[in-house]
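# Fold and geometry: a report
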Amino acid sequence: MTDIDALPLTAEAFAPFGDVITLRDAPDKIINQGMCGRHHDLAQMDFGPMGRAGISLFNATPRTLPYILDMVERHPDGSQAFIPMTEHAFLVIVAKDLGGTPDVPQAFLTAPGQGINFHRNIWHGVLTPLSAPGLFAVVDRIGDTANLEEFWFDTPYRVVADQIPRSGLT
C-alpha cells in the first residue's frame, strides 16, 4: 500500500482540480448598510446543459487518519461544492485524469472554515470530515441523467498527515 501525505489546502495547489472557497483578504464590496462584507463569486460552478444548481445538506460520518482510499468518483456533468457548516478541517482527495482513469491521488487538509468546489469531471474522494459533526452545504448539479462514475483501485492508498488543523472554537 502506498502512502499519500495530506498537505495543507492552498488555492494554487488545488487549482487544477477546482476552487478553494474561503474569505479573501478584503471583501469585494460592503453591503447591508455597511454591516456585511461580500466576498463575491468564489467558485466556478458548472452544471452543464442538462442540469440546474441545487443546494443540499450532507451529514457525513467522520473518518480517521490514516485513511484507506480504495475508490474515487467524478461527476462528468457538473461541478460540486462542499461548504462546511462547522469550523472543522476535512480531508480532500483528488486525482488528475489519465485517459478515463485516475492518476495517483493527491490529498489536502482544509483549514478551518475553508470549502472547496470540484470542477466538472474531476476524480475525487468521497466527503471525508475528520470531526463530528460532518455537516456540509453542498451545491451541485440536479438533473435527470446519471452524473456519477466510480473507480475502484486494485491496490488501495493510505492517506496520512502530520497534523490535522483544528478549529479556533472552544
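Rules and cut-offs
- Throughout, a residue's number is its position along its own chain's written sequence, starting from 1.
- Where local features are concerned, this predicted model is filtered to residues with pLDDT of at least 70; where side-chain atom pairs are given and counted, the filter is 80 or more; whole-chain, interface and lining totals use all residues.
- Side-chain descriptors were evaluated using all non-hydrogen atoms of the structure, hydrogens and water having been removed beforehand.
- Any residue with an atom within 4 Å of a point lines the site, the site being either a cavity, points on a 1 Å grid over the protein atoms alone where a 1.4 Å probe fits but cannot get out, or a pocket, an open set with protein on both sides within 12 Å along at least 5 of 7 lines.
- Grid points are joined across faces, edges and corners, and a volume is the space filled by probe spheres set on the points.
- Ten residue types, Ala, Val, Leu, Ile, Met, Phe, Trp, Tyr, Cys and Pro, are classed as nonpolar, four, Asp, Glu, Lys and Arg, as charged, and the remainder, Gly among them, as polar.
- Being paired, for any two strands, means DSSP has found at least two bridges between them.
- Helix and strand labels come from DSSP, where a helix needs a run of H or I of at least four residues and a strand needs a run of E of at least two; each type is numbered from the N terminus.
- Axis geometry follows a simple rule: fit a line to the C-alpha atoms, using only the stretch in contact for helices, then measure angles between N-to-C directions, giving values from 0 to 180 degrees.
- For each residue, the accessible area found with a 1.4 Å probe, counting protein chains only, is set against the maximum for its type, and the residue is called buried under 20%, exposed over 50%, and partly exposed in between.

## Some remarks on the layout of surface pockets
Taken as a whole, the largest pocket encloses approximately 190 Å³ of empty space. What lines the largest pocket is Ala11, Asp19, Val20, Thr22, Arg24, Asp41, Leu42, Ala43 and Gln44. A class-by-class count of the residues in the lining of the largest pocket yields four nonpolar, two polar and three charged.

## Details of the sheet that holds strand E7 (residues 80-84)
What the five strands build is an open sheet, ordered E2-E10-E7-E13-E5; its pairing is antiparallel. Looking at which strands have only one partner, the edges of the open sheet turn out to be strand E2 (18-21) and strand E5 (52-60). Strand after strand, the sheet turns through a mean of 15° between neighbouring axes, direction not considered. As judged from the five bridges shared by E7 and strand E13 (residues 134-142), these two strands associate in the antiparallel manner. The residue of E13 that forms the bridge with Ala81 is Val139.

## Section: the pairing of strand E10 (residues 115-118)
Neither face of E10 is exposed, since Gly115 and Asn117 on one face and Ile116 and Phe118 on the opposite face are all buried. Here E2 pairs with E10 via four bridges, running antiparallel. Residue pairing in the sheet places Val20 in a bridge with Ile116 of E10. Bridge count for E7 against E10 is three bridges, and the pairing is antiparallel. Residue Gln80 lies in a different strand from E10, and its bridge partner there is Phe118.

## Structural notes on the pairing of strand E1 (residues 2-8)
Inspection of the sheet shows E1 paired to strand E14 (residues 149-160) by four bridges, in the parallel sense. If you follow Asp3 over to E14, its bridge partner there is Arg158. Examined bridge by bridge, E1 and strand E9 (residues 106-109) share three bridges and lie parallel to one another. Bridged to Pro8 within E9 is Leu109.

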